[in-house]
Structure formats: C-alpha cells, structure tokens
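These are the residues of each chain, in order.
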Amino acid sequence: MRRRGFTMLELVLSLAITVLVAAGVAAMLGGIATGIALGSDTRTGLLATAATHGRLTEDLSGIASVLERSDDGRAMVLWNGGRVPGGRVEPSELRWLEFDPIRGELLRSEIRFPDDWTPLERAEHDRPISGAIELDEAFRHADDAGILHRDVLVDGLLDTVIGSTISNPRSREIRVDLTFDLATGPLEATAIVSCHDLH
C-alpha cells in the first residue's frame, strides 16, 4: 500500500485560507477593541469634565476679584477678598492659577504660613500689594521663603485658557477652557465660575 502526502499546491492553498481567516478574526477583534476604547474614553471624558467643573466651582467660588491675567491666557492672579482686615490686597489673600504645558496640569498656588510663625514673621511676608510688579514680587518672595504651596486642580491636559468676563456691573465670570488628552484624541470642556468682583 502506497502512502500519499499533501502536495505543494494543497499546502499553499490551506496556508492561504488560514491566513485569510486569521486576518478576518484580527480585523474583527481590532474593531471590538476600538469600540471598547471609544466607549471607555467617552465615559472617562464625561467623568473628567464633571469632576473638573465641580472642583473648579468649589475652589474658585470664594474669589472676590480678578487682579491680573497673562497675555497668553495661561495664568491669572485672583484675590480672595479681604480676609486680612484693612481692605487692602495682601499676598496671603491671593491665588495664582497657571497652566503647566510640560506636565499638562492646571495648578493653583497660594501662601500658607507655618503654624509656628509669629505674627511678626507673618506680617513681614504679608505686606500690602499695590501693583502688577508687586504681584510678581510677592509670588517670587513666597516661593523663595518656602511658603508658596502648589496644588494640582486638573491634570491630563493638552491646553488650558483662563479668561474672565464681566457678566453684570457687580459680578464677573471666570472661564476656564480645558482640552483633555484622551487616548482617542483631544476633548474640550469649559468651566465657568462667578465671582463678586470687588474693587
């Protein structure tokens, strides 16, 4: 009895059929994975937008006035509104908002004095501010003294633009336009917070 094996043509044909079936299965699995990623990114984007809006609203709702905004819209100086008696702007009443494009973070900086500081030490670092140059000096002075604390308000960003508009004669709106960096592409979101706009 003679044994018969597969011919070269049969082997090539079976290999071609196997490759076609494998390509079809790979395309189907790729489509399923893309659909899952899109759905996951959509949910992530919605959650990030809602959480960011809530956090910014809570964090910035006590702001009394916008003192300065950078030309590129990536930084803003805010005043908490007279926590120190006297009605003048003190460094400890300021908040600096800034976007760090390298880390993709929106940061809030503010002065926090150590608990063991005397009133004289606090007063030395909390002199009234009267102009834009003094705002920059207060920031640098606090940073050099180690009393400037930075907190990340939002991360995972491609870009941020911080602006403000007057909504009526006695109030102003702080508008933060955010672009999140998601796996499926950028997602834009906006948070608007009202402040009293004291002068």
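Structure report, in brief. All values reported here derive from a predicted model rather than from experimental measurement. (Residues numbered from 1 in each chain as written. Predicted model: local features only at pLDDT ≥ 70, side-chain atom pairs only at ≥ 80, totals over all residues. Heavy atoms only, no water.)

## Side note on the sheet that holds strand 4 (residues 105-111)
Working step 1: Spatial strand order, 1-2-3-4-5: 5 strands in an open sheet with antiparallel pairing. Each edge of the open sheet is held by one strand with a lone partner, namely strand 1 (65-69) and strand 5 (148-154). With strand direction ignored, the average angle separating the axes of adjacent strands in the sheet is 25 degrees.
Working step 2: Strand direction decides the pairing type here: strand 3 (residues 94-100) and strand 4, joined by 5 bridges, are antiparallel. Counterpart to E98 in the pairing with strand 4 is L107.
Working step 3: Seen against the sheet, helix 3 (residues 132-145) touches strand 1, strand 2 (75-79), strand 3, strand 4 and strand 5 and runs at an angle of roughly 100 degrees to strand 5. (Pairing = 2+ DSSP bridges. Helix = DSSP H or I, 4+ residues; strand = E, 2+ residues; numbered from the N terminus. Axes fitted to C-alpha atoms, helices over the stretch in contact; angles between N-to-C directions. Contact = heavy atoms within 4.5 Å.)

## Let's talk about the nonpolar core
What tends to happen in soluble globular proteins is that the nonpolar side chains get buried as a cluster.
Working step 1: Counting 22 residues, the largest nonpolar core has L56, L60, L78, L106 and I174 as its most contacted members.
Working step 2: Elements that contribute at least two residues to this core include exactly helix 1 (8-60), strand 2, strand 3, strand 5, strand 6 (157-168), strand 7 (171-182) and strand 8 (185-195).
Working step 3: No other element matches the 5 residues that strand 7 contributes to this core.
Working step 4: If we ignore the near neighbours within four places in the chain, the residues touching L78 are L60, I63, S65, V66, E93, L94, R95, L97 and I174.
Working step 5: One finds W79, I111, W117 and A138 within the second-largest nonpolar core, a separate group that totals 16 residues. (Core = buried A, V, L, I, M, F, W, Y, C linked by side-chain atoms within 4.5 Å. Buried < 20%, exposed > 50% of the residue type's maximum accessible area, 1.4 Å probe, protein only.)

## Observations concerning a nonpolar patch on the surface
Working step 1: On the surface, L13, I17, V21, V25, M28, L29 and I32 cluster together into a nonpolar patch covering about 660 Å² of accessible area.
Working step 2: For I32, the location among the structural elements is in helix 1.
Working step 3: Residue I32 is classed as partly exposed on the basis of its relative accessible area, which comes to 45%. (Patch = residues over 30% accessible without salt bridge, like charges linked within 9 Å, V, L, I, M, F, W, Y side chains within 5 Å. Areas by Shrake-Rupley, 256 points an atom, 1.4 Å probe, with all protein chains shown as cover. Salt bridge = Lys/Arg side-chain N within 4 Å of Asp/Glu carboxyl O.)

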